Amino acid sequence: MQNHPLQNEKLLICQSDPTILEHLAASIRTYFGDILDIVAVPTSKLSEIGYTPNAAVVSELTIGAVKQRFPETEIIMQQWDLSGQALEKVVSLPKNSNVLVVNKPFSAAQETRNSLVELGINHINMIAYSPGSNVDTSNIDAVIYVGIFEQCPKLNCQYINIGIRKISLYTIIDIVRAFRLPSIHVKEYYTDIIQQFTASCYRINHALKQVNNLKENFEKICDINNNITFALDENDEILLFNEMAKKYFDSRTTDDVIGKDYKLVFSRYPELLSYIASAVPLSDTLITINEQKLLISSFDMDIGKNKNRAFILLPISTLQKREGLVRKKLRATGFVARHTFKDILGSSNFMNQSKSLAEIYAQTDAPILITGESGTGKELFAQAIHNVSSRRESNFVAINFAALPENLAESELFGYTEGAFTGALKSGKAGMFELAHEGTIFLDEIGDASLPVQAKLLRVLEEKEVLRLGGVDVIPVDVRIICATNKNLEAAIQEGTFREDLYYRIKVLNLQLTPLRKRPEDVEETLEHLLVGDQALALAHRPEVRSFLTQYGWPGNARELRTVAEYINMLATLSDEQRAVNMLHLYMQNNLQSSGFSSTPDAFSLPQVPPSAPVSDSDHAYISPDLLAILQSIYKLQNQGVTAGRNSICRMPDAVRMNLTEAKVKNRLKRLESLGYITIGRTKQGVLLTDSGYQILMQQPQ
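Every chain begins its residue count from 1, and numbering advances along the sequence as written. For a predicted model such as this one, the threshold for reporting local features is a pLDDT of at least 70, and the threshold for listing and counting side-chain atom pairs is 80 or more; totals across whole chains, interfaces and linings nevertheless cover every residue. In computing side-chain properties, one takes all heavy atoms of the structure into account and sets aside hydrogens as well as water.

1. With respect to the overall build of the chain
Part 1 of the argument: A count of helices and strands for the chain gives 29 helices and 24 strands.
Part 2 of the argument: Burial analysis of the chain (702 residues in total) assigns 48% to the buried set.
Part 3 of the argument: We call two residues in contact when some of their heavy atoms are within 4.5 Å. Once local pairs closer than 6 in sequence are excluded, the contacts in the chain between residues at least 24 apart make up 65%.
Part 4 of the argument: Methods summary: accessible areas were calculated by the Shrake-Rupley approach with a probe of 1.4 Å, and residue burial reflects only the protein chains presented. Put simply, the chain shows about 34,900 Å² of open surface, and 48% of that area lies on carbon and sulfur atoms. Counting from the N terminus, the helices are DSSP H or I runs at least four residues long and the strands are E runs at least two residues long. Only protein chains enter the accessibility calculation, which uses a 1.4 Å probe. A residue is then buried if its area is under 20% of the maximum for its type, exposed if over 50%, and partly exposed in between.

Here it is in structure tokens:
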């Protein structure tokens, strides 16, 4: 599994002791340094941090200061586990020895003492000690400390350094949960723990009988990921057999197998025996046991002069369940089809035929090519097909070639490996096809794909596998492909801009969508769905308006119809009904007739506004709703004494109502400047209304 760097995800580490802070930061960076922005500071430097971290790892001594400085930050209490270093010396201490357990602060010394007790070390009298503690040291036989000798009292006795404690598994899990990271990071920690504690367990096994308690704790660690885990010593005897292994191999107790030759324990599993006997390192090797597929991995554990091996088996069924959970989480990030056939408006014969054909296509996995003019709903149909297909529980990934720079197309579609090109993420990146595995990928505007990309798309269709940019390993993918275009691909083939072989591979099934001008009966039905309130419906149902809209050519199809509906909804808010009618007439005459298709009758025109209802200057000063919203936002910002920049404009209520993003505001500001309604000054000056802009605003209905 690849790591995916999380931009701006910040983890703060705050510890009062500089030595502990350095050790803690190094430990956490080992597992998360490549994907999180980690900053480690003592309490005294919290005020120098100029941002709010997403989460903070704190101790009992620093939690108060961190909460006060960053009240919204998620708090993770640091917890420690023993490193496993020198434990054989601890268990070798004579029974009833009086031993100081030294750490700082005193609560940390108590935690260290309790950890040793939990590991089964109960044959000695352990006393928690921190510098400054009022403890009688006259009868102390030994001192156990965690890496920092300076904290110990100066006594004439044995000193045992068990090493600075290791960050706890629970802290690792808390970090994974706080940043919603993959479980692979827990597995990395878990692998480290296996090697350290197995070595420690083996040494202690030859020192004291308390090894049984240690091994029980170690086996709990092995059970975290529900993997089947066992380990063999150099004599081929089993020295570790975790709970999952007992269940899988039908062993009643650990005593049934510990110390026995693996060939006897696994005598009923010849394939497993052959892999163990081969002594070849294994990494996710496929194996069959009892007609069940598993992945087996192994690694060496050198304990002194002894050569031991550990084995991990993962059932494919378990892996598939985990993969399913990952895919569900991916769906939550946006790779989901939100529309169904119920969202596709229109009940004309053309539309009903298209829906019926699409529902039939959805029952297959064959590639589909959806053709039609811009605005006819090609992506709506693609999403609806996915949502009734057998792949509906998996991802729907869409990519638009018209909006994708050619130099980025390959890396976005197929992904890339570490170092594939300058600026590539360190951990590489999965492509759209990998993200769509077992789901659907929608390739919109396929006619705009370059010829090199077309060649690679053809390979994916033929081979059902992808090769990341800069990679050498092919990745199998199971993807349903739906393509869409408003271009004539057959003409593009003749021009040499589209591959003929790709055309016939994506056009196994073809769905041709009918433009709105050929199904006028859908215009009124769609409008009724988009209009809000009786006043808007009354405007649209006026005979001259209804006749005009059903005969209009609709070059923008459903998108243009939605724009008209938004304008009618705006007019419906006016208190003067005749004024609203006049403005709607002017809007259609000025904005629709000039762009109509030839199918609109040349002699067709709207009735003139009667003399009894003269058209005011404001009626002629029409400005589209989105431009008007921007002018209103600029006006309000100037009245508030706030600089009108793109960012501040798009956050104003008028702009939010029109769904104007910062990019859209930028384009419309250029249009307003060309009309003479605004001037765009320097950064600090922002956008300013001109006299013409003020006049336009004053002419609009209030």
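We are not done yet, so read on.
2. A look at the pairing of strand S16 (residues 368-371)
The two faces of a sheet get side chains in turn, since along a regular strand they alternate between them.
Part 1 of the argument: Side chains of S16 alternate between two faces, with Ile368 and Ile370 and Leu369 and Thr371 buried alike.
Part 2 of the argument: Sheet topology places S16 next to strand S21 (residues 480-485); 4 bridges connect them, and they run parallel. Its bridge partner lying in S21, Thr371 is registered against Thr485.
Part 3 of the argument: The rule for pairing is simple: two strands pair if DSSP sees at least two bridges between them. The pairing of S16 with strand S22 (residues 509-512) spans 4 bridges and is classified as parallel. The residue of S22 that forms the bridge with Ile370 is Leu511.

3. Thoughts on the nonpolar core
Part 1 of the argument: Buried Ala, Val, Leu, Ile, Met, Phe, Trp, Tyr and Cys residues form a nonpolar core when they are joined through side-chain atoms within 4.5 Å. If you look at the biggest cluster of nonpolar residues, it comprises 34 residues, and the most contacted ones within it are Leu413, Phe433, Leu443, Ile446 and Leu457.
Part 2 of the argument: Secondary-structure elements contributing two or more residues to this core are strand S17 (396-400), helix H14 (406-414), helix H15 (432-435), strand S18 (440-444), helix H16 (451-463), S21, helix H17 (489-495) and helix H18 (500-506).

4. Brief notes about the side chain of Ser648
Part 1 of the argument: Looking at the secondary structure, you find Ser648 in helix H26 (residues 646-650).
Part 2 of the argument: Between N or O atoms, a polar contact is any pair within 3.5 Å; within protein, one atom must be a potential hydrogen donor and the other a potential acceptor, and residues adjacent in sequence are included only when both atoms are from side chains. A distance of 3.1 Å separates the side chain of Ser648 from the backbone oxygen of Thr643, its partner in a polar contact.
Part 3 of the argument: Setting aside its immediate chain neighbours within four residues, Ser648 contacts Leu637 and Thr643.

5. Considering the sheet that holds strand S2 (residues 37-41)
Part 1 of the argument: Ordered by their spatial adjacency, 4 strands build an open sheet running S2-S1-S3-S4, and the pairing between neighbours is parallel. Edge positions in the sheet fall to S2 and strand S4 (74-77), since each has one partner strand and no second. Each neighbouring strand pair of the sheet contributes to a mean axis angle of 20°, computed without reference to strand direction.
Part 2 of the argument: As paired elements, strand S3 (residues 55-58) and S4 share 4 bridges and run parallel to each other. Paired with Ala55 across the bridge in S4 is Glu74.
Part 3 of the argument: Fitting a line to C-alpha atoms yields each axis, with helices limited to the stretch in contact; the angle taken between N-to-C directions then spans 0 to 180 degrees. In the packing of helix H1 (residues 18-32) onto the sheet, the strands contacted are strand S1 (10-14), S2 and S3, and the crossing angle to S2 comes to about 175°.
Part 4 of the argument: Against the sheet, helix H5 (residues 169-178) engages S1, S3 and S4, with an angle of about 165° to S4.

6. Section: the packing of aromatic side chains
Part 1 of the argument: Ring geometry is summarised as follows: Phe, Tyr and Trp rings, the Trp one being its six-membered ring, pair when their centres sit within 6.5 Å, and such pairs are stacked at plane angles under 30 degrees, edge-to-face over 60 and tilted between the two. Within this structure, the stated rule accounts for 17 aromatic pairs.
Part 2 of the argument: Aromatic pair Phe548 and Tyr552: ring centres 6.0 Å apart, planes at 15°, arrangement stacked. Neither Phe548 nor Tyr552 differs from the other in exposure class; each is buried.
Part 3 of the argument: Summarising the aromatic geometry, the rings of Tyr552 and Trp554 are spaced 4.7 Å apart at their centres and angled 80° between planes, so their arrangement reads as edge-to-face.
Part 4 of the argument: The class for Trp554 is buried, based on a relative accessible area of 0%.
Part 5 of the argument: Through successive ring pairs, a cluster of aromatic residues spans Phe230, Phe241, Tyr248, Phe249, Phe266, Tyr269 and Phe311.
Part 6 of the argument: Put simply, a charge is over a ring when the Lys NZ or the Arg CZ is close to the ring centre, within 6 Å, and near the line of the ring normal, within 35 degrees. Here the guanidinium or amino end of Lys10 rests over the ring plane of Tyr51, the centre of that ring lying 4.8 Å away.

7. Points about the packing of helix H22 (residues 557-571) against helix H23 (residues 577-591)
Part 1 of the argument: Across the interface, H22 lies against H23 with an axial gap of 10 Å and an inter-helix angle of 160°. Accordingly, the angle class assigned to the pair H22 and H23 is roughly antiparallel. Handedness of the crossing formed by H22 with H23: right-handed. Contact with H22, carried on its side by Thr563, Val564, Tyr567, Ile568 and Leu571, involves Ala580, Met583, Leu584 and Tyr587 of H23 and no other residues of that element.
Part 2 of the argument: Residues were grouped as follows: Ala, Val, Leu, Ile, Met, Phe, Trp, Tyr, Cys and Pro as nonpolar; Asp, Glu, Lys and Arg as charged; and all remaining residues, including Gly, as polar. Each residue belonging to the contact of H22 with H23 can be placed in one class, and the counts come to 8 nonpolar, 1 polar and no charged. Note on terminology: angles under 35 degrees are roughly parallel, angles over 145 are roughly antiparallel, angles of 65 to 115 are roughly perpendicular, and the others are oblique. Each helix crossing is assigned a hand: it is left-handed if the near helix lies turned anticlockwise from the far helix by less than a right angle, otherwise right-handed if that turn is clockwise.

8. Some remarks on the sheet that holds S16
Part 1 of the argument: Pairing is parallel across the open sheet formed by 5 strands, whose spatial order is S17-S18-S21-S16-S22. The outermost strands of the open sheet, each flanked by one partner alone, are S17 and S22. Direction aside, neighbouring strands of the sheet carry axes that sit 15° apart on average.
Part 2 of the argument: Where S17 lies against S18, 5 bridges are found, and the strand directions are parallel. Across the sheet, Ile399 pairs through a bridge with Leu443, a residue of S18.
Part 3 of the argument: Seen against the sheet, helix H12 (residues 349-362) touches S16, S21 and S22 and runs at an angle of roughly 155° to S22.

9. Some remarks on the pattern of salt bridges
Part 1 of the argument: Salt bridges, as used here, are contacts in which a Lys or Arg side-chain nitrogen is within 4 Å of a carboxyl oxygen on Asp or Glu. Scanning the entire structure with this criterion turns up 19 salt bridges.
Part 2 of the argument: The partner of Glu410 in a salt bridge is Lys456, and the shortest N-O contact between them spans 2.8 Å. Residue Glu410 is found in helix H14, and its partner Lys456 is found in helix H16; the two are separated by 46 residues along the sequence.
Part 3 of the argument: Take Lys456: its relative accessible area is 33%, and that puts it in the partly exposed class.

10. Some thoughts on the side chain of Ser633
Part 1 of the argument: Within the fold, Ser633 resides in helix H25 (residues 625-639).
Part 2 of the argument: If near-sequence neighbours (up to four positions away) are discounted, Ser633 is found in contact with Ile649, Met652, Asp654 and Ala655.

11. Some details on the state of the cysteines
Part 1 of the argument: Throughout, a disulfide means two cysteine sulfur atoms within 2.5 Å of one another. Going through the model one piece at a time under the given rule, you end up with 0 disulfides.
Part 2 of the argument: There is no disulfide at Cys157, and the cysteine sulfur nearest it, in Cys152, is 8.9 Å away.

12. Some details on the confidence of the model for the chain
Part 1 of the argument: pLDDT measures the predictor's confidence residue by residue and takes values from 0 up to 100. Averaged over every residue, the pLDDT of the chain is 80; residues scoring 70 or more account for 83%.
Part 2 of the argument: Per-residue pLDDT, averaged within each element of the chain, yields its smallest value for helix H24 (residues 617-620) (40) and its largest for S16 (94).
Part 3 of the argument: For the stretch residues 206-214, pLDDT sits under 50, and the model shows 18 contacts to residues farther than four places along the chain or on other chains.
Part 4 of the argument: A low-confidence stretch, residues 594-620 stays under pLDDT 50, and its non-local contacts, those more than four residues away or across chains, total 46 contacts.

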